[in-house]
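Residue-level listing of the chains:
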Amino acid sequence: YVRKDGTSVWVRLHIAFIRDDKGNPIRTVAICEDITDRKHAEQLLEANFQLLKLAGETARFGGWCVNLDEDRCTWSDEVALIHDEVPGFSPLVSEGIMYYAPEWRDKITQVFTKCAKEGIPYDEEMEIITAKGNKRWVRTNGRAERDGNGNIVRVSGSFQDITDMKQAEMELRKSKGFILAIIESLPIGIAVNIVEPSVTFDFMNDNFAKFYGVTKKEIENPDTFWE
């Protein structure tokens, strides 16, 4: 409603008709309820939901839960999209496990079962194969939820696509291996980060040890080496 002073309020209007013996309407009864506060709360909740949804899309991050009585997964829209499924897709637990790459299915079955039966939480990085056949690395974790009697009734958690991060890690390992191979082949001794007072080495190549007439293993024990 727009009031006389120009301000507006949200209302819920209930209307009913009173009829005569022949069924003809003879009177209207209306009840008007001010629901402005509720609507404002709903609008705020919707705004927060959209922000959360945007954050989930940006981070490729979503949530899931399993009601153990139904044995069915409820996925957030982002979790469904990570699996290349349509928003609202809700598989059985056994169907959800089949999205994991074969080498990870026993592991996810084991950690989920322990969480559902014993309440042991988990946080794992594994590979899935999506509905379109795409292989993706994901980070999945689960926590048990209990009722008032302490019985586990639900398992819920988060799910994130970490494929880009995993690929970056693999590239870093390749680069590190390549650099180390070069360093080991150089005809000079190299040692990194001699820190007082413990006098330990973060890294050294074989030639550094050879200059002292010892092995790398002997140098890794600072006391023995400096004596």
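Here, the structure is the one placed above.
Residues numbered from 1 in each chain as written. Predicted model: local features only at pLDDT ≥ 70, side-chain atom pairs only at ≥ 80, totals over all residues. Heavy atoms only, no water.

Trainee: I keep staring at helix H4 (residues 102–118) and nothing clicks. Help me out?
Mentor: Because each turn of an α-helix spans 3.6 residues, side chains separated by three or four positions in sequence point in the same direction. Helix length check: H4, at 17 residues, gives a terminal C-alpha distance of 25 Å against a target of 24 Å (1.5 Å per residue), a fit within 8%. Elements that come into contact with the buried residues of H4 comprise strand S3 (61–67), helix H3 (93–97), strand S5 (122–129), strand S6 (135–146) and strand S7 (152–161). With its phi angle positive at about 80°, Gly119 sits one or two positions after the end of H4. (Helix = DSSP H or I, 4+ residues; strand = E, 2+ residues; numbered from the N terminus. Expected span 1.5 Å × (residues − 1). Contact = heavy atoms within 4.5 Å.)

Trainee: What am I meant to see in the pattern of salt bridges here?
Mentor: Proximity of charged atoms lets side chains of opposite charge pair with each other. Per the stated rule, a full pass over the model turns up 10 salt bridges. Its salt-bridge partner being Lys39, residue Glu42 comes within 3.5 Å of it at the nearest N-O pair. Remark: Lys39 and Glu42 occur in helix H1 (residues 36–59); sequence separation between them is 3 residues, near one turn of the helix. We classify Glu42 as partly exposed; its relative accessible area is 37%. Looking at Lys39, the relative accessible area reads 18%, which means it is buried. Within this structure, Arg38, Lys39 and Glu42 form a network of salt bridges that share partners. (Salt bridge = Lys/Arg side-chain N within 4 Å of Asp/Glu carboxyl O. Buried < 20%, exposed > 50% of the residue type's maximum accessible area, 1.4 Å probe, protein only.)

Trainee: Looking at this model, I keep getting lost on the environment of Arg154. Mind explaining?
Mentor: Checked against the element boundaries, Arg154 lands in strand S7. For Arg154, a relative accessible area of 34% puts it in the partly exposed group. The sequence separation of Arg154 and Asn67 amounts to 87 residues, and the corresponding C-alpha distance is 4.7 Å. In this structure, Arg154 is in contact with Cys65, Val66, Asn67, Leu68, Arg143, Ala144 and Glu145, ignoring residues within four places of it in sequence.

Trainee: Even after reading the chapter, I still don't get the packing of aromatic side chains, so can you show me in this structure?
Mentor: Each aromatic ring pair is specified by the distance between its two centres and by the angle formed by the two planes. For the structure shown, the criterion picks out 5 aromatic pairs. Aromatic pair Trp64 and Phe112: ring centres 6.4 Å apart, planes at 45°, arrangement tilted. Residue Trp64 is located in strand S3, and its partner Phe112 is located in helix H4; the two are separated by 48 residues in the primary sequence. Phe112 shares its class with Trp64; the two are buried. Members of the aromatic cluster, joined through ring pairs, are Trp75, Phe89 and Tyr99. Positioned over the ring face of Trp137 is Lys166, at 4.7 Å from the centre of the ring. (Phe/Tyr/Trp six-rings, centres within 6.5 Å; stacked < 30°, edge-to-face > 60°. Lys NZ or Arg CZ within 6 Å of the ring centre and 35° of its normal.)

Trainee: Help me understand empty space enclosed by the protein in this model?
Mentor: Think of a ball as big as a water molecule: rolled over the atoms, this probe shows where empty space is left. The tally for this structure, following the rule as stated, stands at 1 cavity of 30 Å³ or more. Roughly 190 Å³ of internal volume is contained in the largest cavity. In this structure, the largest cavity is lined by 15 residues; those nearest its centre are Trp64, Cys73, Trp75, Gly96 and Tyr100. Sorting the residues of the lining of the largest cavity by element identifies S3, strand S4 (72–75), H3 and H4 as the ones contributing at least two each. (1 Å grid on protein atoms, 1.4 Å probe; cavity = no way out; pocket = protein on both sides within 12 Å on 5 of 7 lines; lining within 4 Å. Points joined across faces, edges and corners; volume = space filled by probe spheres on them.)

Trainee: How do you make sense of the side chain of Asn141 when you look at a structure like this?
Mentor: Assignment of secondary structure puts Asn141 in strand S6. A polar contact of 2.7 Å, which involves the side chain of Asn141, links it to the side chain of Ser158. Excluding residues that lie within four positions of it along the chain, Asn141 makes contacts with Trp64, Tyr122, Asp123, Ser156, Gly157 and Ser158. (Polar contact = N/O pair within 3.5 Å; in protein donor to acceptor, adjacent residues only side chain to side chain.)

Trainee: Hey, could you run me through helix H5 (residues 163–185) in this one?
Mentor: Compared with an ideal rise of 1.5 Å per residue, which puts 23 residues at 33 Å, H5 spans 33 Å between its outermost C-alpha atoms and is within 8% of the ideal. Along H5, the residues classified as buried are Thr163, Lys166 and Ile183. Residues of H5 that are buried make contact with S5, S6, S7 and strand S9 (203–204).

Note that all results are geometric; they support no functional claim without further evidence.
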